[in-house]
Amino acid sequence: MSVLITILKKNVRQYMMVIALVVAMIAFGFLTDGIFFRPVNLTNLVLQNSYVLILAVGMLLCTLTGNVDLSVGSIVCFIGALCGVMMVDLQWNPYMAMLLALLVGALIGMWQGFWIAFVNVPPFIATLAGMLVFRGLGQVIMKGQTKAPFPKEFQMISSGYIPDPLGGLTIGNTQLHLFTLLIGLIIVALIIFGEVKKRKKQKQYDFDILPAGIWLVKVIFIAAALVAFTVVFALYKGFPNILILLGVLVVAYQFVASKTVQGRHIYALGGNRKAAELSGVKVKWVMFWIYTNMAVLAAVAAMVFTARLNSATPKAGQNFEMDAIAACYVGGSAVSGGIGTVIGAVVGGLFIGVLNNGMSIIGISTDWQQAIKGFVLLAAVAFDLYSKSQSSKIA
């Protein structure tokens, strides 16, 4: 029992957020008479929040250093405007335009990273300046106009679904997407294999592990949840293209953050900058890479958002930075840095998306939605500070 309590204390942020997400989904399922769990609604939930989740993945690395990036919403506006000019006005090849948009995103990130890392401008100030600069440039490019429509190839980023080479299966009036089911089952098998391998390794090095019964319940719960959502998507049109992109990003960044030297350097920098420098971490280059990466992901989010709207507008990206920051802190990132996971940021983003979607279905006004999300963010940060104070007392 003492081992279980220790493990729960170490992972209290993540467990609490997952439990809160599950409770919120079940509650909205009842409050909406099951409308929330309809395949079309859950698919729209992913599509509507995809850009926030992409931004949250990059923002997580910023929060690990104890900082944020306030410019991402404006970068979304600027890159969207650039895509509009290239694809709508100039009729460029959409793939070449997307590649150039990513390159411009990288250059923007390098520009901001230079001021933060090598000129020692505080990230808050540097990205606040970026927020003003790129919002203004985006509006200059569009001259107050909306750019539309975009080529079908570009729209497929957000509106497309993976094909079904297996032909599908018709059950009554329902068409089942078999390839989606196959992908979902493969993912579940890989996760179970990973959990078993991780547990064996923890045993080998005498780490604290969950009791066998509780560990089994955890694995079964994860597998059942993934199978259920796979079936839901298979009952509609299959996995959206954007969900595959999100999955690749989450897996890649989770691996980088937890399994690589670069990831350890980011956590070390957030935990104690002076100690990290003395340990040989190249702090300036770490900060430069983090903000370059954030701008690239903002460019990806810009294309996803623009493709979903099928238009580039001067108002695009407003408050996106706030949604991404909220997703990270609600998902368990520490305000002071050094604590947080990519999975946690995604769960936090999904929780906010579930709140938005569920409250909209039951008819809560957008004003109250903003207020409720504000209280949720405040509660998450207060919980983080309370947990740290309790830990220091125990120590």
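1. Description of the overall build of the protein chain
For step 1, the next point in the chain: Scanning the protein chain from N- to C-terminus turns up 16 helices and two strands.
For step 2, the next point in the chain: Taken over C-alpha atoms, the radius of gyration comes to 22 Å for the protein chain, in line with the 21 Å a tight globule of 395 residues would show.
For step 3, the next point in the chain: Its C-alpha atoms put the protein chain at 65 × 65 × 40 Å along the principal axes.
For step 4, the next point in the chain: Out of the 395 residues in the protein chain, the part that is buried amounts to 47%.
For step 5, the next point in the chain: Considering only contacts in the protein chain between residues 6 or more positions apart, those separated by 24 or more positions represent 78%.

2. Side note on a nonpolar patch on the surface
For step 1, the next point in the chain: Together, Trp-111, Phe-114, Trp-115, Phe-118, Val-119 and Trp-285 make up a nonpolar patch on the protein surface, roughly 610 Å² of accessible area in all.
For step 2, the next point in the chain: Take the nonpolar patch: its biggest share by element is three residues, from helix α5 (residues 94-117).
For step 3, the next point in the chain: Within the element layout of this structure, Phe-114 appears in helix α5.

3. Concerning helix α10 (residues 241-259)
For step 1, the next point in the chain: When the terminal C-alpha atoms of α10 are compared, their 27 Å separation across 19 residues agrees well with the 27 Å that a helix rising 1.5 Å per residue should span.
For step 2, the next point in the chain: Taken together, the buried positions of α10 are occupied by Ile-242, Leu-246, Leu-249, Val-250, Tyr-253 and Ala-257. The buried side chains of α10 occupy one side of the element, clustering within an arc of 100 degrees when seen end-on. Every exposed residue of α10 that faces more than 90 degrees away from the buried side is listed here: Val-248, Val-251 and Lys-259.
For step 3, the next point in the chain: Here the buried face of α10 lies against α3 (39-64), α7 (152-159), α11 (261-271), α13 (283-309) and α15 (342-361).

4. Thoughts on the packing of α10 against α11
For step 1, the next point in the chain: Contact geometry of α10 with α11 gives a least axis separation of 5 Å together with a crossing angle of 70 degrees. The orientation of α10 relative to α11 falls into the category roughly perpendicular. Contact residues: α10 offers Val-256, Ala-257 and Lys-259, while α11 offers Val-261, Gly-263, Arg-264 and Tyr-267.
For step 2, the next point in the chain: Looking at the contact of α10 with α11 residue by residue, the class counts come to four nonpolar, one polar and two charged.

5. Some thoughts on the layout of surface pockets
For step 1, the next point in the chain: By volume, the second largest pocket is sized at about 520 Å³.
For step 2, the next point in the chain: Of all the secondary-structure elements, those providing two or more residues to the lining of the second largest pocket are α3, α14 (320-330), α15 and α16 (366-394).
For step 3, the next point in the chain: Among the elements that make up the lining of the second largest pocket, the one with the highest residue count is α16 (seven residues).
For step 4, the next point in the chain: Considered class by class, the residues forming the lining of the second largest pocket number ten nonpolar, eleven polar and two charged.

6. A few points about helix α6 (residues 123-142)
For step 1, the next point in the chain: The first and last C-alpha atoms of α6 sit 28 Å apart over 20 residues, in line with the 28 Å expected at 1.5 Å per residue.
For step 2, the next point in the chain: Turning to α6, the residues buried within the fold contact α4 (72-89), α5 and α13.
For step 3, the next point in the chain: Lys-143 sits one or two residues past α6 and shows a positive phi near 55 degrees.

7. Observations concerning the packing of aromatic side chains
For step 1, the next point in the chain: Applying the stated criterion across every chain yields a total of 15 aromatic pairs.
For step 2, the next point in the chain: Judged by centre distance (5.3 Å) and plane angle (90 degrees), the rings of Phe-36 and Phe-37 are edge-to-face.
For step 3, the next point in the chain: A ring pair is formed by Trp-111 and Trp-115, whose centres lie 5.5 Å apart and whose planes are at 75 degrees; its orientation type is edge-to-face. In this pair, Trp-111 and Trp-115 are both assigned in helix α5, four residues apart and thus about one turn of the helix distant.

8. Some points on the environment of Trp-289
For step 1, the next point in the chain: Looking at the element boundaries, Trp-289 is found in helix α13.
For step 2, the next point in the chain: Contacts of Trp-289, omitting those with residues within four sequence positions, involve Leu-61, Val-256 and Ile-266.

9. What about the side chain of Asn-357?
For step 1, the next point in the chain: You can see Asn-357 is positioned in helix α15.
For step 2, the next point in the chain: For Asn-357, a relative accessible area of 8% translates into the label buried.
For step 3, the next point in the chain: Not counting residues within four places of it along the chain, the set of residues in contact with Asn-357 comprises Phe-36, Asn-41, Leu-45 and Gln-48.

10. Considerations on the nonpolar core
For step 1, the next point in the chain: With 85 residues, the main nonpolar core has Ile-54, Leu-55, Met-59, Ile-79, Ile-108 and Phe-154 as its most contacted residues.
For step 2, the next point in the chain: With 18 residues, the single largest contributor to this core is α13.
For step 3, the next point in the chain: In this structure, Met-59 is in contact with Val-68, Asp-69, Val-72, Met-294, Glu-321, Ala-324, Ile-325 and Cys-328, ignoring residues within four places of it in sequence.
For step 4, the next point in the chain: Among the nonpolar cores identified, the runner-up in size contains 18 residues, and Met-17, Ala-24, Met-25 and Val-354 belong to it.

Rules and cut-offs
Residues numbered from 1 in each chain as written. Predicted model: local features only at pLDDT ≥ 70, side-chain atom pairs only at ≥ 80, totals over all residues. Heavy atoms only, no water. Helix = DSSP H or I, 4+ residues; strand = E, 2+ residues; numbered from the N terminus. Rg over C-alpha atoms; globule rule 2.2 N^0.38 Å. Buried < 20%, exposed > 50% of the residue type's maximum accessible area, 1.4 Å probe, protein only. Contact = heavy atoms within 4.5 Å. Patch = residues over 30% accessible without salt bridge, like charges linked within 9 Å, V, L, I, M, F, W, Y side chains within 5 Å. Areas by Shrake-Rupley, 256 points an atom, 1.4 Å probe, with all protein chains shown as cover. Salt bridge = Lys/Arg side-chain N within 4 Å of Asp/Glu carboxyl O. Expected span 1.5 Å × (residues − 1). Arc of directions from axis to C-beta. Axes fitted to C-alpha atoms, helices over the stretch in contact; angles between N-to-C directions. Parallel < 35°, antiparallel > 145°, perpendicular 65-115°, else oblique. Nonpolar A, V, L, I, M, F, W, Y, C, P; charged D, E, K, R; others polar. 1 Å grid on protein atoms, 1.4 Å probe; cavity = no way out; pocket = protein on both sides within 12 Å on 5 of 7 lines; lining within 4 Å. Points joined across faces, edges and corners; volume = space filled by probe spheres on them. Phe/Tyr/Trp six-rings, centres within 6.5 Å; stacked < 30°, edge-to-face > 60°. Core = buried A, V, L, I, M, F, W, Y, C linked by side-chain atoms within 4.5 Å.

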